[in-house]
Amino acid sequence: MRRLLILLVLLGGPLHAAVETFDFATEEQRQRYLEFAQELRCPKCQNQNLADSNAPIAEDLRLELHRLLLDGKSDEEIVDFMVTRYGEYVLYEPRLEAKTALLWGAPVLMLGVGLLVLAGIVRRARRAGVARATALSDAERRRLEELLDEDARQG
Amino acid sequence: MQRLRLFLPLIAFAVLALLLWRGLSLDPNHMPSALEDRPFPQFTARSLTGDPVSREDLLGGVALVNVWATWCPSCAAEHAYLNELARTGVTIFGLNYKDDSAAARRWIETRGDPYRLNIVDDSGRLGIDLGVTGAPETYLIDAAGIVRLRYQGPLDARVWREQFEPVIARLGADGTP
């Protein structure tokens, strides 16, 4: 029973997206279909892509996507088709434009800020370290020499 | 400089609070139509009465294009208000979306007919060109067939007053801006 359950779970994994079966002329078209169905967002449902959603509109858009692919449309043409009808909303990966520049640039920007802060911390720690190392009192220096001598004798 | 640093957490908090406050007033379900201020798409179809219809049949004045279907409960809810609007002289075109035409004709017979004509879109293909995501949806087009407003959900007096009337007022008497 348990084995059967495990088997079912293992088999069930890759089946989630297979709602309809479409015929494609080439394997490359099938791959592009799967990619688009993953990357395009269902306009009716907030957090599902076309592949995962069973909303009627998602079903229609999968059909439309299939038709566009068979018509030999390029990736840009397909994205344009969706965006002119449903807006930027349908793209899970927004295009690089003036209004999305911050979105795309923010990670780099934040990495830069992080590096600056890190550099500041390192520089300060190093300066403090140097200051501490040079600031040995006479008593400390004598103690240090004793320890080193002791070490040398034992070694 | 040192004093400024003391205020850094406060500044960071203020910026974050402002962003989150703004986020509170955003409606995550609101989707601006990609079609607003763009022409209503070209199409050729049949009407519910069997006549050919195309985009040209919708032009000539300010009009509503109401996307509806008999399988849609909210469409039943808004139908009485559509009848009322039609009585006050608003031109309403219907787009019978992914529906059974016979059932649609029965629906109009029993509930009253607010529509100047009904476009049959049984495949939902015209719906895709319009960016329809479900029913009901209502588009306001001007005399030249430019989409001026898209509303998702059932129409009622409040929606009409708050969303549609201001846009219609801007359009002026001849239906052009």
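Look above for the structure.
Residues numbered from 1 in each chain as written. Chains lettered and ligands numbered in written order. Predicted model: local features only at pLDDT ≥ 70, side-chain atom pairs only at ≥ 80, totals over all residues. Heavy atoms only, no water.

Thoughts on the packing of helix α2 (residues 27-39) of chain A against helix α3 (residues 56-70) of chain A
All names here are of chain A.
Line of reasoning, step 1. Direction vectors running N to C along α2 and α3 enclose 145°, while the axes themselves pass 10 Å from each other. Judged by the sense of rotation from one axis to the other, the crossing of α2 with α3 is right-handed. Residue-level contacts link Q29, R32, Y33, F36 and A37 of α2 to R62, L65, H66, L69 and L70 of α3. (Axes fitted to C-alpha atoms, helices over the stretch in contact; angles between N-to-C directions. Helix = DSSP H or I, 4+ residues; strand = E, 2+ residues; numbered from the N terminus. Left-handed = near helix turned anticlockwise from the far one by under 90°. Contact = heavy atoms within 4.5 Å.)

Side note on the nonpolar core
Line of reasoning, step 1. Formed by 67 residues in total, the largest nonpolar core has its most connected members in L155(B) and F164(B).
Line of reasoning, step 2. In contact with F164(B), not counting residues within four places along its chain, are L64(B), T138(B), L140(B), L149(B), Y151(B), L155(B) and V159(B). (Core = buried A, V, L, I, M, F, W, Y, C linked by side-chain atoms within 4.5 Å. Buried < 20%, exposed > 50% of the residue type's maximum accessible area, 1.4 Å probe, protein only.)

Quick look at the side chain of D60(A)
Line of reasoning, step 1. Structurally, D60(A) can be placed in helix α3.
Line of reasoning, step 2. What makes D60(A) buried here is its relative accessible area of 8%.
Line of reasoning, step 3. Excluding residues that lie within four positions of it along the chain, D60(A) makes contacts with Y97(B), K98(B), S123(B) and I128(B).

Focus on a negative patch on the surface
Line of reasoning, step 1. Together, E145(A), E146(A), D149(A), E150(A) and D151(A) make up a negatively charged patch on the protein surface.
Line of reasoning, step 2. Locating D151(A) in the fold gives a position in helix α6 (residues 138-154). (Patch = residues over 30% accessible without salt bridge, like charges linked within 9 Å, V, L, I, M, F, W, Y side chains within 5 Å. Areas by Shrake-Rupley, 256 points an atom, 1.4 Å probe, with all protein chains shown as cover. Salt bridge = Lys/Arg side-chain N within 4 Å of Asp/Glu carboxyl O. Lys, Arg positive; Asp, Glu negative; His and termini not counted. Charge placed at Lys NZ, Arg CZ, Asp CG, Glu CD.)

So, the interface of chain B and chain A
Size of an interface: often given as the accessible area lost when the parts come together.
Line of reasoning, step 1. Of the residues lining the interface, 18 residues belong to chain B; the matching set on chain A comes to 17 residues.
Line of reasoning, step 2. Of all residues in chain B, M31(B), I128(B) and T133(B) bury the most surface against chain A, accounting for 40% of the area lost on that side.
Line of reasoning, step 3. Inspection of the chain B/chain A interface yields three salt bridges.
Line of reasoning, step 4. A salt bridge links D129(B) to R85(A), with the nearest nitrogen and oxygen atoms 2.7 Å apart.
Line of reasoning, step 5. The biggest single contributor to the side of chain B that touches chain A is helix α4 (residues 125-130) of chain B, with five residues.
Line of reasoning, step 6. Class assignment for the residues of the side of chain B that touches chain A results in seven nonpolar, six polar and five charged. (Buried area = accessible area lost by both parts, 1.4 Å probe. Nonpolar A, V, L, I, M, F, W, Y, C, P; charged D, E, K, R; others polar.)

Thoughts on the pairing of strand β7 (residues 147-152) of chain B
Residue and element names in this part refer to chain B.
Line of reasoning, step 1. Relative to β7, strand β6 (residues 137-141) runs antiparallel, the two sharing five bridges. Pairing of I141 across the sheet is with V147, part of β7.
Line of reasoning, step 2. The loop that links β6 with its antiparallel partner β7 comprises five residues; one of these, G145, has a positive phi angle of about 85°. (Pairing = 2+ DSSP bridges.)

Some points on a positive patch on the surface
Line of reasoning, step 1. A cluster of basic residues, R123(A), R124(A), R127(A) and R5(B), forms a positive patch at the surface.
Line of reasoning, step 2. Ranked by residue count, the leading element in the positive patch is helix α5 (residues 101-134) of chain A, at three residues.
Line of reasoning, step 3. Structurally, R127(A) is set in helix α5.
Line of reasoning, step 4. For R127(A), a relative accessible area of 54% corresponds to the exposed category.

A look at the packing of aromatic side chains
Line of reasoning, step 1. Taken as a whole, this structure holds nine aromatic pairs over all chains when the rule is applied.
Line of reasoning, step 2. Ring plane angle 10° and centroid distance 5.5 Å describe the contact between W68(B) and Y115(B), whose orientation is recorded as stacked. With W68(B) in strand β3 (residues 63-68) and Y115(B) in the loop between α3 (101-111) and β5 (118-121), this residue pair connects regions lying 47 residues apart in the sequence.
Line of reasoning, step 3. Overall, the relative accessible area of 1% leaves W68(B) in the buried class.
Line of reasoning, step 4. A relative accessible area of 7% places Y115(B) in the buried class.
Line of reasoning, step 5. Arranged with centres 6.3 Å apart and planes meeting at 65°, the rings of Y151(B) and F164(B) form a pair that is edge-to-face. Of this pair, Y151(B) sits in strand β7 while F164(B) is found in helix α5 (residues 157-171), placing the two residues 13 residues apart along the sequence.
Line of reasoning, step 6. Of the residues examined, F164(B) reaches a relative accessible area of 0% and is grouped as buried.
Line of reasoning, step 7. An aromatic cluster is defined as three or more aromatic residues linked by ring pairs; in this entry it consists of F22(A), F24(A) and Y33(A).
Line of reasoning, step 8. The ring of Y89(A) has R41(A) sitting right over it, with the charged end atom 4.0 Å from the ring centre.
Line of reasoning, step 9. Note that R85(A) overlies the ring of F81(A), its terminal NZ or CZ placed 3.7 Å from the centroid. (Phe/Tyr/Trp six-rings, centres within 6.5 Å; stacked < 30°, edge-to-face > 60°. Lys NZ or Arg CZ within 6 Å of the ring centre and 35° of its normal.)

Observations regarding α3(B)
Residue and element names in this part refer to chain B.
Line of reasoning, step 1. Those residues of α3 lying buried are A103, A104, W107 and I108. For α3, the buried positions fall inside an angular range of 140° around the axis, keeping them on one side. Exposed side chains of α3 directed beyond 90 degrees from the buried face belong to R106, E109 and T110.
Line of reasoning, step 2. Contact partners of the buried residues in α3: β3, α2 (73-87), β4 (91-97) and β5.
Line of reasoning, step 3. Just beyond α3, the residue with positive phi is G112, at close to 95°. (Arc of directions from axis to C-beta.)

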